[in-house]
Amino acid sequence: MLGSGKGSNFVAIADAIAAGKVPAEVALVSSDVESAGILEHARKRNLPVRFIPPGKFRTKLDEDAERAYVSALQEAKVDLIVLAGFMRVLKGDFLRAFEGRIVNIHPSLLPSFPGLEAWKQALDHGVKVTGCTVHFVDAGVDCGAIIGQQTVPVLDDDTPETLHSRIHAAEHELYPKCVAAIARGDVSVRGRRVVWKIGCGV
Ligand code: GRF
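The structure displayed is predicted, hence computed values, not measured ones. (Residues numbered from 1 in each chain as written. Predicted model: local features only at pLDDT ≥ 70, side-chain atom pairs only at ≥ 80, totals over all residues. Heavy atoms only, no water.)

Summing up its helical and strand segments, the protein has six helices and eight strands in all. Counted from the first residue to the last, the protein has its helices and strands arranged as α-β-α-β-α-β-α-β-α-β-β-α-β-β. For 202 residues, the compact-globule estimate of 2.2 N^0.38 gives 17 Å, and the protein sits close to it at 16 Å. Its C-alpha atoms give the protein principal-axis dimensions of about 45 × 40 × 35 Å. Per-residue burial for the protein yields a buried fraction of 45% across its 202 residues. Carbon and sulfur atoms make up 52% of the accessible area of the protein, which amounts to about 10,400 Å² in all. (Helix = DSSP H or I, 4+ residues; strand = E, 2+ residues; numbered from the N terminus. Rg over C-alpha atoms; globule rule 2.2 N^0.38 Å. Buried < 20%, exposed > 50% of the residue type's maximum accessible area, 1.4 Å probe, protein only. Areas by Shrake-Rupley, 256 points an atom, 1.4 Å probe, with all protein chains shown as cover.)

Written out as structure tokens, the structure reads:
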């Protein structure tokens, strides 16, 4: 798993694995932020952890960093890369090394509100329903094939904080289910459409 922040999605997935709901193991937890909560949570669970500095850019990995991430993940023999709040856009060599094997979660119903602070974009736009989306990662930002979505109502008295926390809670339900489905081989990709085995959808 890769993340830059507090790691609540990591916790949800690690707990679901421990509870036997996701047939997977965490081979490596890595971050571009040395003090990230996700690393702390992983250490507490005695999982392999690596801080890998991102290099000289602000929103992507530089070439050396990209190589370091790819080798760390290959050495750990990962089958699937699960991004949760990893604040770097992944590019060419990284995507090629793990084509079709990287997933991400975004705090809106994509394709609405890609990019930063999606919950705030939803409030500003005045939508009545928003949610979260788990999707495969491709070369675009927040635009790969959609694996699963969960809706969240927007309430009249919502603030960015209350809406964000309701979306976060939905993420913690949706993400483990999607990772479990991939691990079980219950989803297949047909162009932009991700098809779930009958009876296995979220
Ligand atoms: C989540 O809201 C996710 O949608 C976004 O980054 C956040 C990560 O949260 N991509 P956490 O670090 O898992 O708590």
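Further notes follow.
We now examine the nonpolar core. Counting residues in each nonpolar core, the largest one holds 37 residues, and the members touching the most others are Phe-10, Ile-147 and Tyr-175. Counting residues per element, the ones that place at least two in this core are helix 1 (8-18), helix 2 (37-44), strand 4 (102-106), strand 5 (129-136), strand 6 (146-153), helix 6 (160-184) and strand 8 (193-196). Per element, the largest residue contribution to this core is nine residues, and it comes from helix 6. Contacts of Tyr-175, omitting those with residues within four sequence positions, involve Asn-9, Ile-13, Val-82, Leu-83, Ala-84, Val-103, Asn-104, Ile-105 and Val-134. (Core = buried A, V, L, I, M, F, W, Y, C linked by side-chain atoms within 4.5 Å. Contact = heavy atoms within 4.5 Å.)

Turning our eyes to something else, we now look at the site of the ligand. Neighbouring the ligand are Gly-5, Lys-6, Gly-7, Ser-8, Asn-9, Gly-85, Ile-105, His-106, Pro-107, His-168 and Glu-171. Within the side chain of His-168, a nitrogen or oxygen atom sits 3.2 Å from an oxygen atom of the ligand. Here Glu-171 contributes a side-chain N or O atom positioned 2.4 Å from an oxygen atom of the ligand. Alone, the ligand offers 370 Å² of accessible surface; in the complex the protein occludes 87% of this. (Near = heavy atom within 4 Å. Polar contact = N/O pair within 3.5 Å; in protein donor to acceptor, adjacent residues only side chain to side chain.)

With that settled, the discussion passes to the packing of helix 1 against helix 6. Here helix 1 crosses helix 6 at 45°, and the two axes come no closer than 9 Å. Classified by the angle their axes make, helix 1 and helix 6 are oblique. The handedness of the crossing between helix 1 and helix 6 comes out as right-handed. Residues Ser-8, Asn-9, Ala-12, Ile-13 and Ala-16 of helix 1 pack against His-168, Glu-171, His-172, Tyr-175, Pro-176 and Val-179 of helix 6. Looking at the contact of helix 1 with helix 6, its residues break down into six nonpolar, four polar and one charged. (Axes fitted to C-alpha atoms, helices over the stretch in contact; angles between N-to-C directions. Parallel < 35°, antiparallel > 145°, perpendicular 65-115°, else oblique. Left-handed = near helix turned anticlockwise from the far one by under 90°. Nonpolar A, V, L, I, M, F, W, Y, C, P; charged D, E, K, R; others polar.)

Time to look at the pattern of salt bridges. In total, this model carries eight salt bridges according to the counting rule given. Put simply, Arg-45 and Asp-15 hold a salt bridge, and the shortest N to O gap is 2.6 Å. Of this pair, Arg-45 sits in the loop between helix 2 and strand 2 (49-51) while Asp-15 sits in helix 1; the two residues are 30 residues apart in sequence, bridging distant segments of the chain. Under the relative-accessibility criterion, Asp-15 is labelled partly exposed at 39%. (Salt bridge = Lys/Arg side-chain N within 4 Å of Asp/Glu carboxyl O.)

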